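Now for the letters of each chain:
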Amino acid sequence: MHALARNADGDTLIFVHNGAGALFCDYGHLPYCDGDYILLPRGTAWRIEPSELSEFMMIEATASAFKLPDASQGGPSAINPMLFTLPRIDDAFIAQQDDAFWEIHIKRRGQVSTLTYPFNPLDAVGWEGDLCVVKLNWRDLAKHRSDGQRTPPAASCTFVTETFSISTFIPKVGEGESGIMRVPFYHSNEDADEFIFYHRGEFFSRGEIKAGMATFHPSGFPHGPHPSAYQKKMVKAPVETEEVAIMIDSRAFLTVDESIPDGAEWKAYVKTWEKAQETL
Ligand SMILES: [Fe+2]
């Protein structure tokens, strides 16, 4: 039995952390690789066929939809829809159509129901309109050349919903003059919980964080550069940052699922600022 997914609760955003393969959906065939965002509108039937081991981060806009930031949110780096890649009804899409039994697992109000078809329902011959699956890779985003000024986080905004936003931190040329603060200032978010997933590179504000890890700073909790990152980037010559990270700023409360496996949480993270007094 072959299976498809359909999320009727809201749009789904998939970020490809590792791997490569193909997405097949109502709109056709879309190859993917690491660093891709794949935006699936609510109600899209889809499946993924990896060609190599793939790891994803999935973000659901429950009862909402992903939109592009407007100019006031995105600043000069607002996302250009021309950067999107769309699925195609191509030979690979036609080749996967057959008369086997297929299931569509439909999620609505958090519960999953299953429909069964005696053929592959991904059998569109065409479509029109401006609603469809789209793909965007972080490498397609323009470099944020700050030239002596630190780029504010809002300039990295990539997608927004009614309750949260997604920002993409990509490599950028370091600020040009000695003595300029090249790491985020110490702050606490009073309007949003902040979740950051670290995808690639050396993280300029988090000396102890490695790719594949995530940080969670609830609203009201002060945070900022770790002491080791502060030492390295504040004092030395300008550098080009290497980090690629995905940030979710949510006005709705974020909670950690209780089913998180033992050992997945680094409980000493909160103590990583304790060294600040010794090193500054
Ligand atoms: Fe923050």
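Throughout what follows, the structure given in this document is the object of discussion. (Residues numbered from 1 in each chain as written. Predicted model: local features only at pLDDT ≥ 70, side-chain atom pairs only at ≥ 80, totals over all residues. Heavy atoms only, no water.)

Let's shift gears to the coordination of the iron ion. For the iron ion, the full set of protein donor atoms is His187 (NE2), Glu194 (OE), Glu194 (OE) and His223 (NE2), at a range of 1.9 to 2.7 Å. Note that the iron ion binds four donor atoms; their angles at the metal cover 53 to 169 degrees, and the shape is irregular. Read from N- to C-terminus, the donor residues coordinating the iron ion fall into the pattern H-x6-E-x28-H. Residue His187 is found in the loop between β12 (164-169) and β13 (193-200), and its partner His223 is found in the loop between β14 (214-217) and α3 (227-235); the two are separated by 36 residues along the sequence. (Donors = N, O, S within 2.8 Å, 3.2 Å for Na, K, Ca; no water. Tetrahedral: all angles 85-135°; square planar, octahedral: opposite > 155°, others 65-115°. Helix = DSSP H or I, 4+ residues; strand = E, 2+ residues; numbered from the N terminus.)

This structure, assessed with the given rule, holds eight salt bridges. With a shortest N-O distance of 3.7 Å, Arg200 and Asp34 are connected by a salt bridge. Linking Arg200 in strand β13 with Asp34 in the loop between β4 (28-33) and β5 (36-40), this pair joins segments that are 166 residues apart in sequence. Its relative accessible area of 27% is what places Arg200 among the partly exposed residues. Residue Glu265 is joined to Lys267 by a salt bridge in which the shortest nitrogen-to-oxygen separation is 3.3 Å. Where salt bridges share partners, they join Asp9, Glu60, Lys107 and Arg108 into one cluster. (Salt bridge = Lys/Arg side-chain N within 4 Å of Asp/Glu carboxyl O. Buried < 20%, exposed > 50% of the residue type's maximum accessible area, 1.4 Å probe, protein only.)

This part is about empty space enclosed by the protein. Summed over all chains, the structure comprises two cavities of 30 Å³ or more. Considered as a void within the structure, the second largest cavity measures approximately 30 Å³ in volume. Surrounding the second largest cavity, Asn7, Gly10, Thr12, Leu40, Pro41, Arg42, Gly43, Thr44 and Trp46 form its lining. When grouped by side-chain class, the residues that make up the lining of the second largest cavity number three nonpolar, five polar and one charged. (1 Å grid on protein atoms, 1.4 Å probe; cavity = no way out; pocket = protein on both sides within 12 Å on 5 of 7 lines; lining within 4 Å. Points joined across faces, edges and corners; volume = space filled by probe spheres on them. Nonpolar A, V, L, I, M, F, W, Y, C, P; charged D, E, K, R; others polar.)

If you add up the space inside the largest pocket, you get close to 1,300 Å³. Contributing to the lining of the largest pocket are 34 residues, with Phe195, Ala214, Thr215, Phe216 and Val256 lying nearest its centre. For the lining of the largest pocket, the elements supplying multiple residues, two or more each, are β7 (55-62), β13 and β14. Counting residues per element, the lining of the largest pocket draws most heavily on β7, which supplies six residues.

This paragraph deals with the sheet that holds strand β1 (residues 2-7). In space, the six strands of this open sheet follow the order β4-β3-β6-β1-β8-β9, with mixed pairing throughout. The two strands at the open ends of the sheet, each matched to only one other strand, are β4 and β9 (111-117). The average angle at which neighbouring strand axes cross in this sheet is 30 degrees, direction not considered. Pairing analysis gives seven bridges linking strand β8 (residues 102-108) to β9, with the strands arranged antiparallel. Across the sheet, residue Lys107 finds its bridge partner in β9, namely Val112. (Pairing = 2+ DSSP bridges. Axes fitted to C-alpha atoms, helices over the stretch in contact; angles between N-to-C directions.)

The subject of this paragraph is the sheet that holds strand β11 (residues 157-160). Pairing within the open sheet is antiparallel, and its five strands lie in the order β11-β12-β15-β13-β14. Strand pairing shows two members of the sheet lacking a second neighbour, β11 and β14, which therefore form its edges. On average, each strand axis in the sheet is tilted by 15 degrees relative to the strand beside it, whichever way the strands run. Summarising the sheet, β12 and strand β15 (residues 244-250) pair through six bridges and their orientation is antiparallel. Across the sheet, residue Ser165 finds its bridge partner in β15, namely Asp249.

Tracing the chain through its elements places His199 in strand β13. A relative accessible area of 0% means that His199 is categorised as buried. For His199, the side chain forms a polar contact with the side chain of His17, separated by 2.9 Å. Leave out the neighbours within four places in its chain, and His199 touches Phe15, Val16, His17, Asp34, Gly35, Trp138, Ala211, Val244 and Ala245. (Polar contact = N/O pair within 3.5 Å; in protein donor to acceptor, adjacent residues only side chain to side chain. Contact = heavy atoms within 4.5 Å.)

We now examine the pairing of β13. In terms of burial, β13 is largely enclosed, as six of its eight residues are buried. Pairing analysis gives seven bridges linking β13 to β15, with the strands arranged antiparallel. Bridged to Tyr198 within β15 is Ala245. As defined by bridge partners, β13 adjoins β14 across four bridges and the pair is classed as antiparallel. Bridge pairing in β14 links Phe195 to Phe216.

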